[in-house]
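# What the coordinates show
Chain by chain, the residues:
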Amino acid sequence: MLRLLTVLALLGLGAGGGIALAAVVGTPPDKAAALARLASVATTDSNTEPAPAPPSDPHPIPGRILASDAPAPISPAVLEPSNGWLVSDGRTLVAVYAGAAGGDPSVGRVVVVRQDLAAGTQTVRTVEPERPEPSRSRPHRSAPRWRRRPRRGASVSGRPTAACSRSTSGPERSAAGEAAHLM
Amino acid sequence: MRLRLAAIAVVAGLGPFPAAARAAPSPVTAWYVYGTNASELASYAYARGCDFARAQPDTRLRLLLLDFGAARKLSSTTWGAVDFSNTRFSNADILDALKRAADGYHNCHARGSVDIAYGSTNYRMSGLGMTASDAWSAGWHQSERSQNLHGYQASHGYDSQTSDAAADMEPSWDAVTITKALVDGDEAQGWALYFDFGSADGCPQSGSADGACTNGWRVSDVAYVSFAGLALPLPEIYYAANASQWTVVRKWWEAGEGWYAFAGATASTGVGLTPAAAWNTLNSSNSGLVEPELACFGC
């Protein structure tokens, strides 16, 4: 990371010219010290003892619709969210954001963030409802949004995207039987 | 400019920067943080640090970006963030989690080195009552906590680690002035590089003029939050248009302010460009000016 920038910073600082020389060669002077710090990072630790690990204590998150003021991590270039839904059993976390495609409010879109906390992996999927045939199309389709709280006991295996991908209206039921209402 | 950079690199013994021939770096995972309480946040961060070390693809310094959510003023004297589960965490909680991420990386370290970044966003700060002064303090304390983390890393012999800060600054999410205050606060504190992993949403895709972007922003504003002070651009490149917008930002800065380069790119799965294509697309329009870093949400 930052090889190019760091070289410039090192030239400026290492040559004894300090910030002034760094500025001459193009490195913004404000950044010179921080970039030089990056160049000094080793690839091994002098401490060879393991650190104590915190207790692994899974904390499930009951399925819930996220409050309207909850931050959504999805870029507006991808999604203008209407709302979101979150669930976790402590091992797998799924957050589903429903709304309109970034840049085209006529296109409904759902983005699914899935974190496998045991395996240490995260996926982000974008799902758009199938567009209707032109002869049956309406001029404007509203973006989907979660309409009501998912059924009590909804689990991360419920895969609400299965419902989202089929339709943007009415209550839907996933393969696992979970009620996932989009409208 | 490119010849000058190449000459400098030769002097430094690194050879020229054959940017056109450089392949995209292997992506490293960046995380959206969903927590429930402080202890769970700590164990979550420990696991992410360990995961990152185990999966580190090369021996270079790579960025572990933990996005703790929207910067917030929690009380008259307390700053922190509200994460993506809508849980509020103080900076003390976040620092403790960052320390556990450092522990996790250390315990699972196999190769290379890491820059652990305290990430936040400019999501609706003013809408929840924060002023520009509050945002300035949020940026200041974000850098302070990053420096605190570095103190922890150094005191524990974690020589393969360092620390910085980052923010997903999206024009759509809040106004120019309050977002610039995040960058200014970080700069005033003086420790942390401030990686902007946000967008140039709505900005023009060609030229070098100070054109209009979304939400009253202009190209010059995006340039400011991405390169002023300690800021460095690690832009979201999800579609080819994003690379074009950021090229305009770079050209605008170069026309009036001086040299500009990208710290790498931020990518995602589930969007128009694959992570590798995202980096390559940005690099193709800014050859030699994109560092080999590729933070990826969803990889």
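To start, this report covers the structure provided alongside it. (Residues numbered from 1 in each chain as written. Chains lettered and ligands numbered in written order. Predicted model: local features only at pLDDT ≥ 70, side-chain atom pairs only at ≥ 80, totals over all residues. Heavy atoms only, no water.)

What follows covers unusual backbone geometry. Residues and elements named next belong to chain B. Of note in the backbone geometry, Arg 124 takes a positive phi value of approximately 45° without being a glycine. Secondary-structure assignment places Arg 124 in the loop between β5 (113-121) and α4 (132-155). For Arg 124, a relative accessible area of 40% puts it in the partly exposed group. Backbone geometry at Asn 215 places phi at a positive 60°, although glycine is not the residue there. Along the chain, Asn 215 turns up in the loop between β7 (194-196) and α6 (219-227). For Asn 215, a relative accessible area of 43% gives the class partly exposed. (Helix = DSSP H or I, 4+ residues; strand = E, 2+ residues; numbered from the N terminus. Buried < 20%, exposed > 50% of the residue type's maximum accessible area, 1.4 Å probe, protein only.)

This part is about the state of the cysteines. All names here are of chain B. Here the structure, examined in full by the defined rule, presents three disulfides over all chains. Disulfide partner of Cys 50: Cys 108, at an S-S distance of 1.9 Å. The disulfide joining Cys 50 to Cys 108 has a torsion of about -80° about its S-S bond and is therefore left-handed. Of this pair, Cys 50 sits in helix α2 (residues 38-55) while Cys 108 is found in helix α3 (residues 91-108), placing the two residues 58 residues apart along the sequence. In this structure, Cys 50 and Cys 108 share a single accessibility class: buried. Shown here is the disulfide that connects Cys 296 with Cys 299, its sulfur atoms set 1.9 Å apart. Measuring the twist about the S-S bond at about 70°, one finds the Cys 296-Cys 299 disulfide to be right-handed. In chain B, the bonded cysteines, taken in the order they occur along the sequence, pair up as 1-2, 3-4, 5-6. (Disulfide = S-S within 2.5 Å.)

Let's shift gears to the interface of chain A and chain B. Between chain A and chain B, the contact holds 65 residues from the first and 87 residues from the second. Linking chain A with chain B are one salt bridge, by the criterion used here. Two residues, Asp164(B) and Arg37(A), come together in a salt bridge whose shortest N-O distance is 2.6 Å. Inspection of the region where chain A meets chain B yields 32 residue pairs in polar contact (both at pLDDT 80 or more). Mapped onto the side of chain A that touches chain B, the elements with two or more residues apiece are α1 (3-14), α2 (18-25), α3 (29-39), β1 (61-65), β2 (79-88), β3 (92-101), β4 (104-116) and β5 (121-127) of chain A. In terms of residue class, the side of chain A that touches chain B is built from 39 nonpolar, 15 polar and 11 charged. (Contact = heavy atoms within 4.5 Å. Salt bridge = Lys/Arg side-chain N within 4 Å of Asp/Glu carboxyl O. Polar contact = N/O pair within 3.5 Å; in protein donor to acceptor, adjacent residues only side chain to side chain. Nonpolar A, V, L, I, M, F, W, Y, C, P; charged D, E, K, R; others polar.)

Read these as spatial facts, not as claims about activity.
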